[in-house]
Amino acid sequence: MIELSLTDILSFLLLAARWTVFLSAIAFVGGGVGALLLLLLRYARPRFGGRFMPVYVEFFQDTPFLLQLFLIFFGLPKLGIDVSPLMAATIGLTLYATAYLAEVWRGCVDAIPRGQWDASASLGMNFVQQMRDVILPQALKISIPPTVGFLVQLIKNTAVTSIIGFHELTKAGEIINNATFQPFITYSIVSLIYFAICYPLTHWSRRLERRLTPTGHR
């Protein structure tokens, strides 16, 4: 057993928390780009992604994220593609985020009245102009609360990547616990750091949801 001060433990965990934030940011941005592409393919005419998007989304929503991570980390080397824990975690979380954000944003686009499509089409707008100038600006307002809410879930799901050896916050907590045999102190600090990261986003998401929801529907 190694004797570590509370300051040493906190410093080590905060350094690891940077990787949690970094991984979450990369996966969220990459997933957002992927989700937007899937969304455009779904509604484009002809609808090239009309069948592909539901299959993709259903696969990632109906299988455990841990299994998806194992398929990438242990499966790709079998195909001759070596992946580091960071690369596997990034790919896994990005694909996961793409599926969930695509479904969230699809619901937001579907919430736009059909009349908006018809009115913009009657003005001679093509598909790209309709999406850019009419549909997406309205859908964006609806999508902000659930998107921020998903970001919180994404941050918490980075903890799963500790299983493949990625040194994020949860993995750092495991290392500290194995060295000090102080699970209560170690994991209490880990929980507080997750809370400090996620609570502001959760609070902001709830405030946005209340602000964007009509008074009569609250």
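Here, the structure is the one placed above.
Sequence positions are assigned chain by chain, starting from 1 and proceeding in written order. Reporting in this predicted model follows two pLDDT cut-offs: at least 70 for local features of residues, and 80 or more for side-chain atom pairs to be given and counted; totals over whole chains, interfaces and linings ignore these cut-offs and use all residues. For the side-chain quantities, the full set of heavy atoms in the structure was used; hydrogens and water were omitted.

**Structural notes on the overall build of the protein**
Just so we agree on the cut-off: Helical segments are the DSSP runs of H or I of at least four residues, strand segments are the runs of E of at least two, and each set is numbered from the N terminus. Exposure is judged per residue with a 1.4 Å probe applied to protein chains only, and the accessible area is read against the type maximum: over 50% gives exposed, under 20% gives buried, and values in between give partly exposed. The contact definition used throughout considers only heavy atoms, calling two residues in contact when any of these lie within 4.5 Å. Within this scheme the basic residues Lys and Arg register as positive and the acidic residues Asp and Glu register as negative, but His and the chain ends are omitted. Note on charges: their place is set at NZ of Lys, CZ of Arg, CG of Asp or CD of Glu.
Along its length, the protein carries 8 helices and 0 strands. Going residue by residue from the N terminus, the α and β elements of the protein occur as α-α-α-α-α-α-α-α. The buried share of the protein, reckoned over its 218 residues, is 39%. Relative to all contacts within the protein whose residues are 6 or more apart in sequence, the contacts with residues 24 or more apart total 75%. Distance between charge centroids for the protein: 10 Å, based on 17 positive and 12 negative side chains.

**Points about the pattern of salt bridges**
Our working rule: The working definition used for a salt bridge is a side-chain nitrogen of Lys or Arg within 4 Å of a carboxyl oxygen of Asp or Glu.
Counted under the stated rule, the structure contains 5 salt bridges. Between Glu 174 and Lys 171 there is a salt bridge whose closest N-O contact spans 3.8 Å. Here Glu 174 and its partner Lys 171 are both found in helix α7 (residues 169-180), 3 residues apart, which amounts to about one turn of the helix. In this structure Lys 171 comes out as buried when scored by relative accessible area, which is 17%. Look at the salt bridges and you will find they share partners, linking Glu 103, Arg 106 and Asp 110 into a network.

**Things to note about the packing of aromatic side chains**
Two numbers describe a pair of aromatic rings. These are the distance of the centres and the angle of the planes. The condition is simple: Classification of ring pairs rests on two measures: the distance between centres of Phe, Tyr or Trp rings, Trp counted by its six-membered ring, which must be within 6.5 Å, and the angle between planes, read as stacked under 30 degrees, edge-to-face over 60 and tilted in between. Put simply, a charge is over a ring when the Lys NZ or the Arg CZ is close to the ring centre, within 6 Å, and near the line of the ring normal, within 35 degrees.
Within this structure, the stated rule accounts for 12 aromatic pairs. Here the aromatic cluster, defined as three or more aromatic residues joined through ring pairs, consists of Phe 65, Tyr 96, Tyr 100 and Phe 150. Above the ring of Tyr 43, the side-chain terminus of Arg 42 is found at 6.0 Å from the ring centroid.

**Details of the environment of Pro 77**
Mapped onto the elements, Pro 77 comes out in helix α3 (residues 65-78). C-alpha separation for the pair Pro 77 and Ile 193, spaced 116 residues apart in sequence, amounts to 34 Å. Leave out the neighbours within four places in its chain, and Pro 77 touches Ile 72, Asp 82 and Val 83.

**A few points about the environment of Arg 106**
Within the element layout of this structure, Arg 106 appears in helix α4 (residues 85-110). Classification of Arg 106 as buried rests on a relative accessible area of 19%. For the pair Arg 106 and Ala 35, spaced 71 residues apart in sequence, the C-alpha to C-alpha distance is 9.2 Å. Residue contacts for Arg 106: discarding those within four places in its chain leaves Leu 39, Arg 42, Tyr 43 and Met 53.

**Observations regarding the nonpolar core**
Where a protein is soluble and globular, its nonpolar side chains tend to be buried together. To be explicit about the condition: Within this scheme, the nonpolar core is defined by two criteria: the residues are buried Ala, Val, Leu, Ile, Met, Phe, Trp, Tyr or Cys, and they are joined through side-chain atoms within 4.5 Å.
Of all hydrophobic cores here, the largest spans 54 residues; its most connected members are Leu 13, Val 109, Trp 117, Ile 135, Leu 154, Leu 169 and Ile 193. Among the elements that line this core, the one with the most residues is α4, at 11 residues. If we skip the residues at most four places from it in the chain, Leu 169 touches Leu 13, Ala 16, Ala 17, Thr 20, Val 190, Ile 193 and Tyr 194.

**Remarks on the packing of helix α1 (residues 6-43) against α4**
Applied cut-off: The convention used is that axes are lines fitted to C-alpha atoms, helices contributing only their stretch in contact, and that angles between N-to-C directions extend from 0 to 180 degrees. Note on angle classes: values under 35 degrees are labelled roughly parallel, values over 145 roughly antiparallel, values of 65 to 115 roughly perpendicular, and the remainder oblique. Crossing chirality is assigned from the near helix's rotation relative to the far helix, an anticlockwise turn below a right angle marking it left-handed and a clockwise turn marking it right-handed. Charged residues are taken to be Asp, Glu, Lys and Arg, nonpolar residues to be Ala, Val, Leu, Ile, Met, Phe, Trp, Tyr, Cys and Pro, and polar residues to be all remaining types, Gly included.
Two elements in contact, α1 and α4, have axes whose closest approach is 6 Å; the angle formed by their N-to-C orientations is 45°. Put simply, α1 runs oblique to α4. In the packing of α1 onto α4, the handedness of the crossing is right-handed. Looking at the contact of α1 with α4, its residues break down into 18 nonpolar, 7 polar and 3 charged.

**What about unusual backbone geometry?**
With a phi angle near 55°, Phe 181 is a residue other than glycine that sits in the positive phi range. Relative to the assigned elements, Phe 181 resides in the loop between α7 and α8 (183-212). On the basis of relative accessibility, which here comes to 57%, the residue Phe 181 falls in the exposed class.

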